[in-house]
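Observations on the three-dimensional arrangement
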Amino acid sequence: MATKYFLSEDRMPTSWYNLNSDFPAPLPPPLHPGTLQPAGPDDLAPLFPMALIMQEMTPERYIEIPEEVQDIYKLWRPTPLFRAPHWEKALDTPAKIFFKYEGVSPAGSHKPNTSVPQAYYNKQEGITKLTTETGAGQWGSALSMACQMFGMELLVYMVKISYQQKPYRRSMIHTWGAEVIPSPSDTTNAGRAFLANDPDSTGSLGMAISEAVEVAATNEDTHYSLGSVLNHVMHHQTVIGQEAMEQCADAGVYPDIVIGCAGGGSNFAGISFPFIGAKIREGKETRIIAVEPAACPSLTKGIYAYDFGDVGMLTPLLKMHTLGHDFVPAGIHAGGLRYHGMAPMVSHALQLGLIEAEAYTQNACFKAAVQFARTEGIIPAPESSHALASVVNAAEQCKQSGEAKTILFNLSGHGHFDMAAYDNYLSGNLQDYAYPAEKVAEAQARMPQVG
Ligand SMILES: *Cc1c(COP(=O)(O)O)cnc(C)c1O
């Protein structure tokens with residue numbers, strides 16, 4: 001039985017897919033935080049290049065991938081699709097389990113799929129410097145690699161607790177030539193306000209976003225770059241699902257279930273949006289599942305409402321499943337899944353009933369990840385392990401019903417820089433958190449009131 005499905009470079013997708021072209025109802029637009037009117041291109045221009053703003057708003061189904069970007073993609077794309085026969089056996093399931101592996105990129109995750117085009121379009125428009133935020137450091141490292149490739153400067157605000165506890169991704173960012181400042185910092189008005197409020201603050205993604213946005217908004221030559229949540233990021237990641245579709249065809253299967261973990265929603269969008277498009281256009285009956293931590297359950301317990309993307313309330317309002325912009329998550333190990341909101345496109349898909357959402361606690365996720373590492377070899381990122389917990393659940397359902405369903409999941413990255421988390425799990429010291437529903441109701445009172 002073949003277990004590896006490689007695509008040759010000449011079959012790599014040459015366009016990104018835009019699910020907005022196929023949604024049966026239009027996506028609610030972002031709103032200007034002051035006027036509460038739909039934000040236009042000019043409102044976003046201080047932060048993003050016009051090419052990306054247009055991608056944000058376009059109804060076109062396909063967006064051509066610039067040749068320079070395709071050339072860089074080819075350093076690690078197309079990524080392999082694997083079948084997981086040893087894990088299937090360990091799970092004693094009749095299900096066929098396939099996974100797309102994004103850990104083969106230089107940064108070790110799917111994030112360079114969007115960092116490279118974002119750096120490219122900014123460079124094209126004469127921008128010389130980018131700012132961004134990073135939690136555990138995956139996005140900061142992916143963007144620093146891309147900026148280095150295009151000869152651009154990058155300033156990364158890294159959540160303080162991760163800056164202190166996760167030195168190796170910080171070292172990667174330095175190796176790729178970018179500057180890193182622990183957030184909250186005294187280098188911005190927003191940061192100084194957070195510190196005045198709590199001098200010992202260990203930071204959050206929402207705070208680091210406020211700092212990075214402020215620097216971009218107040219400097220002509222500087223733009224801001226976001227690694228998830230926004231529409232253009234979702235489009236860029238669809239190279240994952242488009243390749244997977246070809247590879248599944250090569251393997252002679254079509255998935256009954258597609259699964260991805262969801263923090264801001266980008267790798268989930270990447271693997272699933274092309275399959276959702278096929279569901280809408282061709283009536284395919286694929287179950288599509290977004291998986292999040294029980295400690296940060298925006299899709300399963302959050303409110304679908306307009307909210308800010310950051311703590312400092314500087315960003316446009318996005319209609320999304322949110323736990324409140326001032327949400328401070330428990331210190332779970334899946335740093336990349338600790339964002340209070342969700343991509344508007346993923347939220348919209350859930351609202352329309354095109355996808356389902358599940359939440360798992362971290363011990364269940366690490367249990368699945370360790371079993372996977374011991375059978376298939378690859379050590380998954382703690383974020384990706386959430387997808388694995390859902391696969392275990394779906395495989396168990398197949399065992400109960402005796403159905404040999406085909407399950408496809410995205411293995412968004414490897415866990416080589418997260419071994420301290422594995423140590424904690426293996427020594428029985430990992431705590432499970434479930435976010436209390438009352439807290440969500442409290443946060444709702446502090447959300448912007450949009451009519
Ligand atoms: C950042 C990250 C995530 C979460 O971000 P999404 O935008 O939801 O994909 C998931 N997995 C890995 C490996 C990451 O680095």
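Above this text is the structure in question.
About the thresholds
- Residues numbered from 1 in each chain as written.
- Predicted model: local features only at pLDDT ≥ 70, side-chain atom pairs only at ≥ 80, totals over all residues.
- Heavy atoms only, no water.
- Patch = residues over 30% accessible without salt bridge, like charges linked within 9 Å, V, L, I, M, F, W, Y side chains within 5 Å.
- Areas by Shrake-Rupley, 256 points an atom, 1.4 Å probe, with all protein chains shown as cover.
- Salt bridge = Lys/Arg side-chain N within 4 Å of Asp/Glu carboxyl O.
- Lys, Arg positive; Asp, Glu negative; His and termini not counted.
- Charge placed at Lys NZ, Arg CZ, Asp CG, Glu CD.
- Helix = DSSP H or I, 4+ residues; strand = E, 2+ residues; numbered from the N terminus.
- Buried < 20%, exposed > 50% of the residue type's maximum accessible area, 1.4 Å probe, protein only.
- Expected span 1.5 Å × (residues − 1).
- Contact = heavy atoms within 4.5 Å.
- Polar contact = N/O pair within 3.5 Å; in protein donor to acceptor, adjacent residues only side chain to side chain.
- Pairing = 2+ DSSP bridges.
- Axes fitted to C-alpha atoms, helices over the stretch in contact; angles between N-to-C directions.
- Core = buried A, V, L, I, M, F, W, Y, C linked by side-chain atoms within 4.5 Å.
- Near = heavy atom within 4 Å.

Attention shifts here to a negative patch on the surface. Taken together, the side chains of E9, D10, E64, E67, E68 and D71 make up a negatively charged region of the molecular surface. A total of 3 residues in the negative patch trace back to one element, the largest contributor, which is helix α3 (residues 67-73). When you line up the elements, E67 lands in helix α3. Relative accessible area serves as the criterion here: at 65%, E67 is assigned to the exposed category.

On to the pattern of salt bridges, then. Under the definition given, this model contains 15 salt bridges. Where R281 meets D22, a salt bridge forms, and the shortest distance between an N and an O atom there is 2.6 Å. Within this pair, whereas R281 is found in helix α13 (residues 266-282), its partner D22 is found in the loop between β2 (15-17) and α1 (41-44), the two being separated by 259 residues in sequence. Judged by its relative accessible area of 35%, R281 is partly exposed. Since its relative accessible area comes to 8%, D22 is described here as buried.

In this chain, R77 is followed by P78 through a cis amide linkage whose omega measures -10°. Relative to the helices and strands, P78 resides in the loop between α3 and β4 (81-83). Residue S183 is joined to P184 through a cis peptide bond whose omega torsion reads 5°. Along the chain, the position of P184 falls in the loop between β8 (179-183) and α9 (189-197). Positioned with a positive phi, D92 is a non-glycine residue whose angle comes to about 50°. Tracing the chain through its elements places D92 in the loop between α4 (85-91) and β5 (96-101). The phi torsion at M313 lies on the positive side, around 60°, for a residue other than glycine. Looking at the secondary structure, you find M313 in the loop between β12 (303-307) and β13 (318-322).

Turning our eyes to something else, we now look at helix α10 (residues 205-217). Turn by turn, an α-helix covers 3.6 residues, leaving residues three or four places apart pointing in a common direction. Given a rise of 1.5 Å per residue, 13 residues ought to cover 18 Å, and the 18 Å separating the end C-alpha atoms of α10 matches this to within 8%. For α10, a buried count of 12 out of 13 residues is recorded, marking the element as mostly surrounded by other parts of the structure. Within α10 the residues assigned to the buried category are L205, G206, M207, A208, I209, S210, E211, A212, V213, E214, V215 and A216.

The next subject is the environment of Y17. Within the secondary structure, Y17 sits in strand β2. Taking the relative accessible area as the measure of exposure, Y17 reaches 3% and is therefore buried. For the pair Y17 and W176, spaced 159 residues apart in the sequence, the C-alpha separation amounts to 30 Å. With residues up to four places along the chain from it excluded, the contact list for Y17 reads D22, R61, Y62, H235, T238, Q242, F273, P274, G277 and R281. There is a polar contact of 2.6 Å between the side chain of Y17 and the side chain of D22.

Strand pairing within a sheet occurs via backbone hydrogen bonds; the two strands may be parallel or antiparallel. Strand order in the open sheet formed by 7 strands is β1-β4-β5-β15-β10-β11-β14, and the pairing between neighbours is mixed. Taken across any chain shown, the strands that pair with only one partner, and hence form the sheet edges, are β1 (4-5) and β14 (356-360). In terms of strand pairing, strand β10 (residues 257-261) meets strand β15 (residues 406-411) through 3 bridges, oriented parallel. Looking at β15, one finds that V258 is bridged to L408. Across the face of the sheet, helix α17 (residues 385-401) comes into contact with β5, β10, β11 (287-293), β14 and β15 while running at roughly 170° to β15.

One broad rule of soluble globular proteins: the nonpolar side chains tend to lie buried together. Y224, M234, F273, V346, I355 and L408 are the most contacted members of the largest nonpolar core, which has 55 residues in total. When residues of this core are traced back to their parent elements, those giving at least two are β7 (153-159), α10, α11 (231-237), α12 (239-251), α13, β11, β13 and α15 (344-351). Counting residues in each nonpolar core, the second largest holds 32 residues, with I97, A334, F372 and F409 among its members.

In the vicinity of the ligand there are 18 residues, among which K111, S228, G263, S266 and S412 approach most closely. Residue G265 places a main-chain N or O atom 2.8 Å away from an oxygen atom belonging to the ligand. One of the side-chain nitrogen or oxygen atoms of N267 is found 2.7 Å away from an oxygen atom of the ligand.

Moving on: the sheet that holds β7. Spatially, 4 strands are ordered β8-β7-β6-β9 in an open sheet, and the strand pairing comes out parallel. The two strands at the open ends of the sheet, each matched to only one other strand, are β8 and β9 (222-224). When the angles between neighbouring strand axes are averaged without regard to direction, this sheet yields 25°. Here 6 bridges tie strand β6 (residues 129-134) to β7, and the two strands are oriented parallel to one another.

In short, the description is geometric, and any link to function would need to be established separately.
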